[in-house]
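# Coordinates in review
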Amino acid sequence: MSKNAGLWSIRVILLCICIQWSDGRNSQCLHVRLSHGGWLIGRHLTSHNGRHMRAFMGVPYAEPPLDDLRFRPPVPKAPWEGERLAIKDAPICLQRDPFRRDMTLEGSEDCLYLNVYTPERPKTNGSLPVMVWFHGGGWQCGSGISSFYGPDFLLDHDIVLVSANFRLGPLGFLSTETVDCPGNNGLKDQLEVLRWVRANIASFGGDPNSVTVFGESAGGASVTYHMLSEKSRGLLHRGIAQSGTYFNPWAQPAHKGVAAGRATKLAKIVGCGTAGEWPEKLECLRKRPAEDIVAALYDMFVWDFDPMIPFPPVIEPEHDGAFLTVAPRQAAKPHGLELPLMVGATAEEGLLKTAALLNLPQLLAEFKSQFEQVLPVVLNYDHHDDSVRQRITQRIESFYFKSGHDYDKVNHQNLTDLISDGWFVAGIDEYLRLRMSQEDVAPTYVYLFDHKGAASFTEIFKGGRNEFYGACHAEELQYLFPIGRELFVSAVPTQKDLELRELMLHLWVSFAKTGNPNPMNASFHLPNWSPASSYPVEYVRLGTKMEDAASIFRLENELMQHRADFWWNLQPHLPASHAHNEL
């Protein structure tokens, strides 16, 4: 019997058991045996359209990273005997959300858990494609819990969905730039999730040889890191990078000395600054309350909540467990070039920052009056010396603010474009240029999300409920997940919202099944979405900002090309050792 046939036989047996209720309180189909011999007992849920599914929630994939395991790579969860209930979300990882300007800490250090959702009665034969979700939040906030990233929409389709927590902020990304604490533990947590999927997902009806990793913002950048790291080779077969790649300035590895400098500062803040060399400092840090360490994140900001991500990934020294030892721009030929990819952005990504700027008068006044000092911090080019910073700022000012700093709530497109381009568009464009320059690269599908919906993420970024500023960063999430149910309780989806949600779910699921997003459902009557074959790229514009527009799917060319070319020539985010001939 072939391997796939064997997996399908297991699924048929489980289904037959499931539709015969057991004598006890638990349906047998909600019992799943993992590869180590232990059992999970899940729960029954229904999808948005009423489809029955099995949910296994709060499943441990690693030992709690407490005490001596703090600041260390994840340790796979030890096997257990007997049954373990998996019927509710685990705590989120300890965090504080700077994007919402929160001051309250929430979560737990014991947080390395995942959720698995699978259809109770699949409509198709064989094992199902697996979609593994890594959440955004700048590697400093967010979670994989069901209230935000639940299966309500995606499980109307025949896929297995996995969402996971991973360590955040200094608990997940502190680095001494030495082997004492090389860093990237949050990414190594994700790697452990993918290893868990390979070992166990067949028990849930999933195909371990058909795994699509998808994520948004830092989650999207994480996808590209897994397509780069040799540690992840073979653990994923397709990727979807939404609004993030490792070339975005907030996502690229910290410049040399930055991570160690911030680790030193954090040690001083929590009272470990005089503890000796790194081994002694880390021993001291492991004894400090986790809340004190996470709270110290806010002390790393220089102006407002910038730099956006004080603890990003790092280039590690060579050692056996290293996830990343070569800078992405120096990697010879990443294995991800062999994997199909969907990648895209929203039209006004920069509203992540400008929604607050436009609605907090004192903050906007400071931004304008201190523009030359603030912009290098906000846009992550403050690692250059003064003269280079000044010339970069002058070129940016000449390009975006030809009429001066006259932007406000009703005239903000140039300001929003600036933040969009500096934080998101430039990095995604660089990633596409590199990928398109390679030979024998796997299909690459590019999109731009550009839609005016009933709700907008600008609301939670201090933009208010009643103003529409554009297609904000993270906007597309509410069309893939039920996140709007928690965040936008007073918004009723429009007919165009519902059409776009249905379309995007088919696009994402089709890609996860075949590596081609074109829906197999002929009822959509769409033009064929071809992979980008050269640079500048062809792409699809998803959504519409006009209520009477006929189409929410349009083929176009040259993604924000004039602005992308400006940043490609400027290159402010290269290490300071690179020559800036164009300046």
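Here the residue index of a chain counts from 1 through its sequence in written order. Reporting in this predicted model follows two pLDDT cut-offs: at least 70 for local features of residues, and 80 or more for side-chain atom pairs to be given and counted; totals over whole chains, interfaces and linings ignore these cut-offs and use all residues. Side-chain numbers come from the whole structure's heavy atoms, not from hydrogens or water.

## Points about the overall build of the chain
The condition that has to hold: Going along the chain from the N terminus, every DSSP run of H or I of four or more residues is numbered as a helix, and every run of E of two or more is numbered as a strand. Burial classes follow relative accessibility: with a 1.4 Å probe on protein chains only, a residue under 20% of its type's maximum area counts as buried, one over 50% as exposed, and anything between as partly exposed. Contacts were defined at the residue level, with two residues in contact if any of their heavy atoms lie within 4.5 Å. Every accessible area reported is derived by Shrake-Rupley at a probe size of 1.4 Å, with residue values counting cover from the shown protein chains alone. Only four residue types enter the charge count, namely Lys and Arg as positive and Asp and Glu as negative; His and the chain termini do not. The atoms used to mark charge sites are NZ of Lys, CZ of Arg, CG of Asp and CD of Glu.
Check the secondary structure of the chain and you find 16 helices and 14 strands. Seen along its three principal axes, the alpha-carbon backbone of the chain occupies a region of about 75 × 65 × 50 Å. The burial tally for the chain puts 60% of its 583 residues in the buried class. Across the chain, every contact between residues at least 6 apart in sequence was considered, and the portion connecting residues at least 24 apart equals 75%. Entry remark: accessible area of the chain is about 22,600 Å², with carbon and sulfur atoms responsible for 50%. When the 54 positive and 67 negative side-chain charges of the chain are each reduced to one mean point, those points stand 4 Å apart.

## So, helix α12 (residues 386-400)
Here is the rule: Helices are assigned an expected span. That span is 1.5 Å times one less than the residue count. As used here, the arc is the angular range of directions from the helix axis to the C-beta atoms.
When the terminal C-alpha atoms of α12 are compared, their 21 Å separation across 15 residues agrees well with the 21 Å that a helix rising 1.5 Å per residue should span. Within α12, the full set of buried residues consists of V388, I392, T393, I396, F399 and Y400. Down the axis of α12, the smallest arc covering the buried residues is 130 degrees, so these residues share one side. Looking at the buried positions of α12, the neighbouring elements they touch are α11 (371-378), α13 (413-436) and α16 (561-570).

## Regarding the domain arrangement of the chain
For clarity, the threshold we go by: An automatic or database domain assignment is the source of the domain bounds shown. Buried surface area refers to the total accessible area, computed with a probe of radius 1.4 Å, that the two partners give up upon joining, counted for both partners together. Any carboxyl oxygen of Asp or Glu within 4 Å of a side-chain nitrogen of Lys or Arg constitutes a salt bridge here. Any N or O atom pair separated by 3.5 Å or less is treated as a polar contact, with the protein-specific requirement of one donor-capable and one acceptor-capable atom, and with residues adjacent in sequence counted only for side-chain atom pairs.
The domains assigned to the chain are domain 1 (30-329) and domain 2 (346-570). Each side of the interface is counted separately: domain 1 has 48 residues, and domain 2 has 53 residues. When domain 1 packs against domain 2, close to 4,400 Å² is buried across both sides, 66% of that on carbon and sulfur atoms. Among the residues domain 1 hides against domain 2, the three largest losses belong to F153, H157 and W303. Together they make up 17% of the total. For the pair domain 1 and domain 2, the interface holds four salt bridges. The shortest N-O distance in the salt bridge between D304 and K353 comes to 2.5 Å. If you look at where domain 1 meets domain 2, you find 18 residue pairs in polar contact (both at pLDDT 80 or more). Elements with a minimum of two residues in the side of domain 1 that touches domain 2: β7 (128-134), α2 (146-149), β9 (206-216) and β10 (238-242). Counting residues per element, the side of domain 1 that touches domain 2 draws most heavily on β10, at five residues.

## Things to note about the nonpolar core
Burial of nonpolar side chains together is a common tendency in soluble globular proteins. Which entries qualify depends on this criterion: To qualify as a nonpolar core, a set must consist of buried Ala, Val, Leu, Ile, Met, Phe, Trp, Tyr and Cys residues joined through side-chain atoms within 4.5 Å.
Among the nonpolar cores identified, the biggest contains 174 residues, and V132, W139, W250, L379, I396, W508 and L542 are the most heavily contacted of them. In terms of residues, this core owes the most to one element, α13, which gives eleven residues. If you count residues domain by domain, this core takes at least three from each of domain 1 (30-329) and domain 2 (346-570). Setting aside its immediate chain neighbours within four residues, W250 contacts W139, S217, A218, A221, S243, G244, M308, I309, P312, N380, W423 and F424.

## Points about the state of the cysteines
Convention followed: Any pair of cysteine sulfurs within 2.5 Å is marked as a disulfide.
Here the structure, examined in full by the defined rule, presents two disulfides. Each sulfur in the disulfide pair C272 and C284 lies 2.1 Å from the other. Residues C272 and C284 are joined by a disulfide whose S-S torsion is about -75 degrees; by sign, that bridge is left-handed. Of this pair, C272 sits in the loop between α6 (258-269) and α7 (278-287) while C284 sits in helix α7, placing them twelve residues apart in sequence. Residue C272 is classed as buried on the basis of its relative accessible area, which comes to 0%.

## As for the environment of L40
Positionally, L40 belongs in strand β2 (residues 39-41). For the pair L40 and F566, spaced 526 residues apart in the sequence, the C-alpha separation amounts to 53 Å. Beyond its immediate chain neighbours, meaning those up to four positions away, L40 contacts L30, H31, V32, L34, F56, V59, W80, R84, A86 and F204.

## Notes on the sheet that holds strand β5 (residues 83-85)
The condition that has to hold: Here a strand pair is declared whenever DSSP counts at least two bridges between the two strands. Only C-alpha atoms enter the line fits that serve as axes; for helices the fit covers just the stretch in contact. Angles between N-to-C directions range over 0 to 180 degrees.
If you walk across this open sheet you meet the three strands as β1-β2-β5, and the pairing is mixed. Both edges of this open sheet fall to β1 (31-33) and β5, since each of them pairs with a single strand only. Strand-to-strand, the axes of this sheet are offset by a mean angle of 30 degrees, without reference to chain direction.

## As for the pattern of salt bridges
Scanning all chains against the criterion turns up 28 salt bridges. Where E109 meets R70, a salt bridge forms, and the shortest distance between an N and an O atom there is 2.7 Å. Pair noted here: E109 is in the loop between β5 and β6 (113-119) and R70 is in the loop between β4 (52-60) and β5, with a separation of 39 residues, a long-range link. We note a salt bridge from E556 to R554, for which the minimum N-O separation is 4.0 Å. Overall, E556 belongs to the partly exposed group, its relative accessible area being 22%. Residue classification places R554 among the partly exposed positions, given a relative accessible area of 27%. Within the structure, one salt-bridge network assembled from shared partners comprises E348, D450, R541, K545, R554 and E556.

## What about the side chain of T354?
Relative to the assigned elements, T354 resides in helix α9 (residues 351-359). Look at T354 and you get buried, because its relative accessible area is 0%. A polar contact is formed between the side chain of T354 and the side chain of T416, at a distance of 3.0 Å.

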